[in-house]
Amino acid sequence: MPEIILKNIRKQFGDQFVAVDNLNMVIEDRSFITLLGPSGCGKTTTLRMIAGLETPTAGQIMIDGKIVFDAAKGINVSPDKRDVGFLFQNYALWPHMTVYKNIAFGLENLKWSKAQIEERVKELLKMLRIEEFAKRYPSELSGGQQQRVAIARTLAPNPKVLFMDEPLSNLDAKLRGEMRTELKRLHVDTNSTFVYVTHDQLEAMTLSTNVCLMENGKLQQFAPPLKIYTEPENVFVADFMGNPTINLVEAKAVQKEKRLAEVDFCGIKAKYISKEDLDLKDGKIILGIRPEHIAVNENQNGNATIYTTLPTGMETTLKLLIGDKMFSAIVFGSVDYETDQKVDINFLEEKILMFDPESKKRIAIGKLEI
Ligand SMILES: Nc1ncnc2c1ncn2[C@@H]1O[C@H](COP(=O)(O)OP(=O)(O)O)[C@@H](O)[C@H]1O
Ligand SMILES: [Mg+2]
């Protein structure tokens, strides 16, 4: 059964400003959803509306088959009656309470029995691997350990849905990576629905079952992360997902057959073989080429020039010039090319994207052959 349904949700601040515009979304039970997008796109506002901390201007929200908000019917269930838990960026623990007490406190307020509380707190201390810190105070813990306590505290009353707003953004890169692993594991262990806000596309890619990518209050795409990566619906989505970012290049295109077009960009003439029938009207398109779909070979008479090489050990990012346009290519392992060296490039796989330059929508996926 779907857990959370948003219908035509809109949030307006003041007379003019629309922070979230006509959002429709079905968040399946036990899924891990990330709300992703650049700063100010409406992620936090959306999360707060689902949680009941912000009142939508229009629309309807259902949680677990129950209407918790309906603008037309005047229904607005308070946050504490929505059976949800929160974890925010500033996860202030109570400084004068031990770790144990921090986790137990909410349950005491809910009038759980002493035995129940003890059992639950022990379970959480174990799940989050913080048993040894039970008697310590928050000031005696590292940032990562504090974060674990905050997660345990949020999970304690067994919320059906857990909301998290950039919970890892205060942690250093290494810890963030570790906590990501923990969160993904926790999602499985707790059997609950996670709704997670982040501006970090890598976090969204690695964690979620579905990504809700927003821009300027508008939903751009709602799909599993790999689908968003390989089949982005528009240029914005293609550009936002992936690091190094996708190569976007304007090209001239002439359709030759149902699924064949000749394309011309940066002095390269190539055949584009689409997976589906094309319908190219005017002569211009945008090509979207992921860095890992560019193959590079040494060739003194090649069609591209090495601008710089950025090895990370496991892989190497090559910046190369085709004509006067800079492209990123990525190759596995450590390779070292000389600056200004000529190379030959080819395009791999049937995953080259074609977009309409006006609407910016994706119009094809296919192969590019030089
Ligand atoms: N209480 C408010 N009053 C007016 N504008 C707000 C308020 N809260 C958020 N906004 C605006 O709404 C937009 C979306 O904000 P927010 O949801 O916090 O974005 P995000 O979390 O994606 O960074 C931003 O432009 C922000 O300035
Ligand atoms: Mg925010």
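Within every chain, residues take consecutive numbers counted from 1 along the sequence as written. For naming, the first written chain is A and the first written ligand is 1, with later ones following in the order written. In keeping with the model being predicted, local features are shown solely for residues with a pLDDT of at least 70 and side-chain atom pairs are shown and tallied solely at 80 or more, while totals for entire chains, interfaces and linings include all residues.

**Remarks on the nonpolar core**
And then number 1: Core analysis: the biggest nonpolar cluster contains 91 residues, and Ile103, Ala152, Val195, Cys212 and Leu287 have the highest contact counts within it.
And then number 2: Two domains share this core, each providing at least three of its residues, namely domain 1 (2-235) and domain 2 (247-369).
And then number 3: Whether two residues are in contact depends on their C-beta atoms, placed from the backbone: they are in contact if these lie within 7 Å. Discounting residues that sit within four places of it in the chain, Cys212 has contacts with Met25, Ile33, Thr34, Leu35, Leu36, Leu219 and Phe222. Core membership is restricted to buried Ala, Val, Leu, Ile, Met, Phe, Trp, Tyr and Cys residues, and these are joined into a nonpolar core through C-beta atoms within 7 Å. Here a residue counts as buried when 20 or more other C-beta atoms fall within 10 Å of its C-beta, as exposed when 12 or fewer do, and as partly exposed in between; the C-beta atoms come from the backbone. The start and end points of each domain follow an automatic or database-based domain assignment.

**Some thoughts on the domain arrangement of the protein chain**
Frequently, the measure chosen for interface size is the accessible area removed from exposure when the parts meet.
And then number 1: Each assigned domain of the protein chain is listed here: domain 1 (2-235) and domain 2 (247-369).
And then number 2: The gap between the C-alpha centroids of domain 1 and domain 2 is 39 Å.
And then number 3: The interface of domain 1 with domain 2 comprises 6 residues on the first partner and 9 residues on the second.
And then number 4: When residue character is reported, Ala, Val, Leu, Ile, Met, Phe, Trp, Tyr, Cys and Pro are called nonpolar, Asp, Glu, Lys and Arg charged, and the others, Gly included, polar. Its residues assigned to classes, the side of domain 1 that touches domain 2 comprises 2 nonpolar, 2 polar and 2 charged.

**Observations concerning unusual backbone geometry**
And then number 1: In this structure, the amide linkage connecting Asn243 to the following residue, Pro244, adopts the cis form with an omega of 0°.
And then number 2: Counting from the N terminus, the helices are the DSSP runs of H or I reaching at least four residues and the strands are the DSSP runs of E reaching at least two. Looking at the secondary structure, you find Pro244 in the loop between helix H8 (235-240) and strand E12 (247-257).

**Observations concerning helix H2 (residues 99-109)**
And then number 1: Those residues of H2 that sit buried are Val99, Tyr100, Asn102, Ile103, Ala104 and Leu107.
And then number 2: Looking at the buried side of H2, the elements it contacts are helix H3 (114-127) and helix H4 (143-155).

**Some thoughts on the pairing of strand E19 (residues 325-332)**
And then number 1: In short, DSSP must find at least two bridges between two strands for them to pair. Note that strand E18 (residues 315-322) and E19 share 8 bridges and pair antiparallel. The partner of Ile322 across the bridge, within E19, is Lys325.
And then number 2: Between E18 and E19, which follow one another and run antiparallel, lie 2 residues, and Gly323 among them has a positive phi close to 60°.

**Section: the sheet that holds strand E13 (residues 260-265)**
And then number 1: On the basis of which strands lie adjacent, the closed barrel formed by 6 strands has the order E12-E13-E14-E22-E21-E15 and antiparallel pairing. Geometrically, the sheet is characterised by an average inter-axis angle of 45° between neighbouring strands, direction not taken into account.
And then number 2: With 3 bridges connecting them, strand E15 (residues 284-289) and strand E21 (residues 352-355) associate as antiparallel partners. Looking across to E21, one finds that Gly288 is bridged to Leu353. Fitted lines through C-alpha atoms give the axes, limited to the stretch in contact for helices. The angle between two N-to-C directions lies from 0 to 180 degrees.

**Quick notes on the pairing of strand E14 (residues 268-274)**
And then number 1: Where E13 and E14 come together, 6 bridges link them in antiparallel fashion. Within E14, the residue paired with Val263 across the bridge is Ala270.
And then number 2: In this structure, the hairpin formed by E13 and E14 is closed by a connection of 2 residues, where Cys266 is found at a positive phi of approximately 50°.
And then number 3: Direction of pairing for E14 relative to strand E22 (residues 362-369): antiparallel, over a ladder of 4 bridges. Bridged to Lys271 within E22 is Glu369.

**Some remarks on the environment of Ala304**
And then number 1: The topology assignment puts Ala304 in strand E17 (residues 304-311).
And then number 2: With 24 C-beta atoms counted inside 10 Å, the residue Ala304 sits in the buried group.
And then number 3: Along the chain, Ala304 and Val77 lie 227 residues apart, while their C-alpha atoms are 61 Å from each other.
And then number 4: Excluding anything up to four places from it in sequence, Ala304 contacts Leu320, Leu321, Ile322, Val343 and Ile345.

**Focus on the sheet that holds strand E3 (residues 32-36)**
And then number 1: Taken together, the 6 strands give an open sheet; going across it, the order is E7-E8-E9-E3-E10-E11, and neighbouring strands pair in mixed fashion. In the strand order of this sheet, the two ends are held by strand E7 (84-87) and strand E11 (218-223), each with one partner. Each strand axis lies, on average, 15° off the axis of its neighbour in the sheet, ignoring direction.
And then number 2: Of the strands in this sheet, E7 and strand E8 (161-165) touch H4, which is tilted by about 165° from E7.

**Quick word on the packing of H4 against helix H5 (residues 173-190)**
And then number 1: Between H4 and H5, the least distance of the axes is 11 Å, while the angle of their chain directions is 20°. By the angle class used here, H4 and H5 are roughly parallel. Between H4 and H5 lies a crossing of right-handed hand. Taking contact as the criterion, the partners of Gly143, Gly144, Gln147 and Leu155 in H4 are, on H5, Leu175, Met179 and Thr190.
And then number 2: Residue composition of the contact of H4 with H5, by class: 3 nonpolar, 4 polar and no charged. Here the word oblique covers every angle except those under 35 degrees (roughly parallel), over 145 (roughly antiparallel) and from 65 to 115 (roughly perpendicular). Should the near helix be turned counterclockwise from the far one by less than a right angle, the crossing is left-handed, whereas a clockwise turn marks it as right-handed.

**Remarks on H5**
And then number 1: One less than the number of residues in a helix, times 1.5 Å, gives the span that helix is expected to have. Taking 1.5 Å per residue as the helical rise, H5 with its 18 residues ought to reach 26 Å, and the 25 Å between its terminal C-alpha atoms agrees with that figure.
And then number 2: Contact partners of the buried residues in H5: E3, strand E9 (193-198) and helix H6 (201-207).
And then number 3: Following H5 by one or two positions, Asn191 has its phi on the positive side, about 60°.

**Points about the packing of H2 against H3**
And then number 1: At their nearest, the axes of H2 and H3 sit 10 Å apart, and the two run at 135° to each other. As the angle between them shows, H2 and H3 are arranged oblique. Here H2 and H3 pass one another in a crossing that is right-handed. Listed contacts from H3 to Tyr100, Ile103, Ala104, Leu107 and Glu108 of H2 are Ile117, Arg120, Val121 and Leu124.

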